[in-house]
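# Report on the structure
The chain contents come next:
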Amino acid sequence: MTTYGILLFDSAQELDVVGPWEVFTTSSGLRDGADDVLLLAERSAPVRCSQGMRILPDRTLGDHPPLDVVLVPGGHGAREAETRNERVGGWLTGAAARATWVVGVCTGTFLLHAAGPARGRRVATHREYEDALEARGDITVVRDARYVVDGRLLTSQGVSAGIDSTLWLVGRLHGREHARAVRRALQYDPAPPYLADEPLPAPATDPETEHRPR
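Quick summary incoming for the structure in this document. From a predicted model like this one, the values you see are computed outputs, not experimental measurements.

Attention now moves to the packing of helix H3 (residues 86-98) against helix H4 (residues 108-115). Across the interface, H3 lies against H4 with an axial gap of 9 Å and an inter-helix angle of 80°. Considering the angle they form, H3 stands roughly perpendicular to H4. For the pair H3 and H4, the contacting residues are Val88, Gly89, Leu92 and Thr93 in the first and Leu111, Leu112 and Ala115 in the second. Partitioning the contact of H3 with H4 into residue classes produces five nonpolar, two polar and no charged.

What follows is the structure, encoded as structure tokens:
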């Protein structure tokens, strides 16, 4: 059994939370519900995320079972307010010390740096904030990797990269074939990238259909 804890806070980036949550819950489902995936917050009230989505936590920081995996999403809250929140920082320091894996998505690495687990480590973060994170000192930002593993610390680049990193993690925990099964269940296949500016040509027999030339 693996127990995952995903930290929530105001202005967390939605996909940083929901992407890994989908990976972890799908993984658990394929394992006949063997794992628990918990959304954790300082208070039990709904959390308002960066783009306005509201998420209801499952447990508070003072009321949850032992965690095997602790995941910290990014967003404005991770870069600013939560780095100064002593209660969240103290909880994260302790939870990270006891967990098997610590995961940071996007600018969640800022909060991991403030709380200690990312200090002295090689990490990834959102490309727009790499310089700002490195300027905080005692950290090495890897700029050309979708995600970075340093010991039991796993960090990823921005937003959607959290799906890639957590797929790697469930593969590490439960095997590569299992991770491939999770990916297939999610129909996650990001290559090739965005092609909406190159639609297929209209059939020659359909003069009414417009299309953009290549």
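Let's shift gears to the pairing of strand S7 (residues 101-104). In S7, alternate side chains face the same way, and those of Trp101 and Val103 on one face and Val102 and Gly104 on the other are all buried. With four bridges connecting them, strand S6 (residues 69-72) and S7 associate as parallel partners. The residue bridging Val70 from the neighbouring strand is Val102, located in S7. Pairing of S7 with strand S11 (residues 153-156) involves three bridges; the strand directions are parallel. Residue pairing in the sheet places Gly104 in a bridge with Thr155 of S11.

Of the two faces of strand S10 (residues 147-150), the one lined by Val148 and Asp150 is fully buried and the one lined by Tyr147 and Val149 carries no buried residue. Judged from the four bridges that link them, S10 and S11 form a sheet pairing that is antiparallel. Across the sheet, Asp150 pairs through a bridge with Leu153, a residue of S11.

Moving on, we get to unusual backbone geometry. Positioned with a positive phi, Ser11 is a non-glycine residue whose angle comes to about 70°. Here Ser11 is to be found in the loop between strand S1 (3-7) and helix H1 (14-30). Of note in this structure, Asp138 is not a glycine but carries a positive phi near 60°. Tracing the backbone shows Asp138 in the loop between helix H5 (130-134) and strand S9 (140-141).

Here we come to the packing of aromatic side chains. The tally for this structure, following the rule as stated, stands at four aromatic pairs. With a centroid separation of 3.9 Å and an interplanar angle of 15°, the aromatic rings of Tyr4 and Phe24 are classed as stacked. Taken together, the residues Tyr4 in strand S1 and Phe24 in helix H1 connect sequence positions 20 residues apart. Judged by centre distance (6.4 Å) and plane angle (45°), the rings of Tyr147 and Trp168 are tilted. Highlighted residues: Tyr147 in strand S10 and Trp168 in helix H6 (residues 161-174), separated in sequence by 21 residues. Members of the aromatic cluster, connected to one another through ring pairs, are Trp101, Tyr147 and Trp168.

Looking now at helix H7 (residues 176-186). All of the buried residues along H7 are His178, Ala179 and Val182. End-on view of H7: buried residues confined to an arc of 100°, all on one side of the axis. Across H7 from its buried face, at more than 90 degrees, point the exposed residues Arg176 and Glu177. Looking at the buried side of H7, the elements it contacts are H1 and H6. Once H7 finishes, Gln187 follows within two positions and takes phi at roughly 50°, a positive value.

The rules behind the values
- Residues numbered from 1 in each chain as written.
- Predicted model: local features only at pLDDT ≥ 70, side-chain atom pairs only at ≥ 80, totals over all residues.
- Heavy atoms only, no water.
- Axes fitted to C-alpha atoms, helices over the stretch in contact; angles between N-to-C directions.
- Helix = DSSP H or I, 4+ residues; strand = E, 2+ residues; numbered from the N terminus.
- Parallel < 35°, antiparallel > 145°, perpendicular 65-115°, else oblique.
- Contact = heavy atoms within 4.5 Å.
- Nonpolar A, V, L, I, M, F, W, Y, C, P; charged D, E, K, R; others polar.
- Buried < 20%, exposed > 50% of the residue type's maximum accessible area, 1.4 Å probe, protein only.
- Pairing = 2+ DSSP bridges.
- Phe/Tyr/Trp six-rings, centres within 6.5 Å; stacked < 30°, edge-to-face > 60°.
- Arc of directions from axis to C-beta.

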